[in-house]
Amino acid sequence: MYTSESTKYSARTDIGQTSRILVVEDEELIQEMLAVALEEEGYGVITAPDGRSAIEYLKSFETNPGELPFDLIILDLMLPQINGLDICRLLRHQGNPIPILMLSAKGSETDRVLGLEVGADDYLTKPFSMRELVARCRALLRRQRLSNLPQVPVLKFKDVSLNPQECRVLVRGQEVSLSPKEFRLLELFMSYARRVWSREQLLDQVWGPDFVGDSKTVDVHIRWLREKLEQDPSHPEYIVTVRGFGYRFG
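Residues numbered from 1 in each chain as written. Predicted model: local features only at pLDDT ≥ 70, side-chain atom pairs only at ≥ 80, totals over all residues. Heavy atoms only, no water.

The name an unreviewed UniProt entry gives the protein chain is Response regulator transcription factor, with Nostoc flagelliforme FACHB-838 as the organism.

Have a look at this one:
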């Protein structure tokens, strides 16, 4: 089974398959139904009939450094040789972050809690509908993709820090409230500290090339920002006027 399944898997990845799922299930009928349902959704599927085979599959598939062999593992709780709980516990002990959807005929609260506590990301009780299983797989894969997105760094300069993802600004440890234009203006300044910007450049970057209005709106927003950032707005240390050119940060 390993040879035929891995051949099918390789063929699918060659045509741009992005999500790879390992199904670990000892009941042949359920295993086949899972594989068919997931492949119809466009996923690449490998099946393993027992816990030992699953561990071997995880070890044997070659990946690039930092790349995981699978995007999701569907793991039955009751397996021959090595049960699902032990596999899950082992993977998490090794620091393996692959999402795990655990399947079990045991539906008690205690069993569900135990599965989640050893590291499963979701728990589905048999019998279940394929529609629900596919939906849960999609949710886990979506969550995994979001967690892998690069994190935008927090911008810091002296006593000012700006978090682009949270849209928060701290000045000397205190959060300050900025309008969207003020925030975008400060983010631009802090991203290019000490660069001099003309009014026209700031209008183009923050207000957009289609802005129609007085360029003095930049000066107004600079004044508002100074009032919120500077200890003495009349002698700014952050947003500095460069006469004849424009403004710079720092």
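1. Focus on unusual backbone geometry
We apply this condition: Helix and strand definitions follow DSSP, with helices as H or I runs of at least four residues and strands as E runs of at least two, each counted in order from the N terminus.
Note the cis peptide between K126 and P127, where omega equals -5°. Position of P127 relative to the elements: it lies in the loop between β5 (122-125) and α6 (130-147). A positive phi angle is found at Q81, which is not glycine, with a value near 70°. Inspection of the secondary structure puts Q81 in the loop between β3 (72-76) and α4 (84-93).

2. Things to note about the sheet that holds strand β12 (residues 246-249)
Going by this rule: Pairing between two strands is assigned when DSSP locates at least 2 bridges connecting them.
Overall, antiparallel pairing links the three strands, which are arranged β10-β12-β11 in an open sheet. Looking at the sheet topology across the chains shown, the edges are occupied by β10 (196-197) and β11 (239-242). Where β10 lies against β12, two bridges are found, and the strand directions are antiparallel. The residue of β12 that forms the bridge with V196 is R248.

3. Topic: the nonpolar core
To keep things clear, this is the line we draw: Among the buried residues, those of types Ala, Val, Leu, Ile, Met, Phe, Trp, Tyr and Cys that are joined through side-chain atoms within 4.5 Å form a nonpolar core. Using a 1.4 Å probe on the protein chains alone, a residue whose accessible area is under 20% of its type maximum counts as buried, one over 50% counts as exposed, and one in between counts as partly exposed.
The biggest cluster of nonpolar side chains holds 26 residues, and the ones touching the most others in it are L186, F189, I239 and F249. For this core, the secondary-structure elements that each account for two or more residues are β6 (155-157), β7 (160-163), β8 (168-171), α7 (180-191), α8 (199-207), α9 (216-229) and β12. Examining the composition of this core, we find that six residues originate from one element, α7, more than from any other. Ranked by size, the runner-up nonpolar core spans 25 residues in total, among them V24, A54, I82 and C88.

4. Looking at the pairing of β5
Pairing of strand β4 (residues 100-104) with β5 involves four bridges; the strand directions are parallel. Bridge assignment links S104 to a residue of β5, and that residue is T125.

5. Some words on the sheet that holds β4
Put simply, the test is: Axis angles are defined between N-to-C directions and span 0 to 180 degrees, where every axis is a line fitted to C-alpha atoms and, for a helix, only to the segment in contact. Contacts: residue pairs with any heavy atoms within 4.5 Å of one another.
Strand order in the open sheet formed by five strands is β2-β1-β3-β4-β5, and the pairing between neighbours is parallel. Either end of the sheet is taken by a strand with one partner, and the two such strands are β2 (44-48) and β5. Neighbour-to-neighbour, the strand axes of the sheet open up by a mean angle of 20°, direction not taken into account. The strands that helix α2 (residues 28-40) touches are β1 (20-24), β2, β3 and β4; relative to β2, the one it contacts most, it runs at about 170°. Taken strand by strand, helix α5 (residues 109-117) contacts β4 and β5, and its axis lies near 150° from that of β5.

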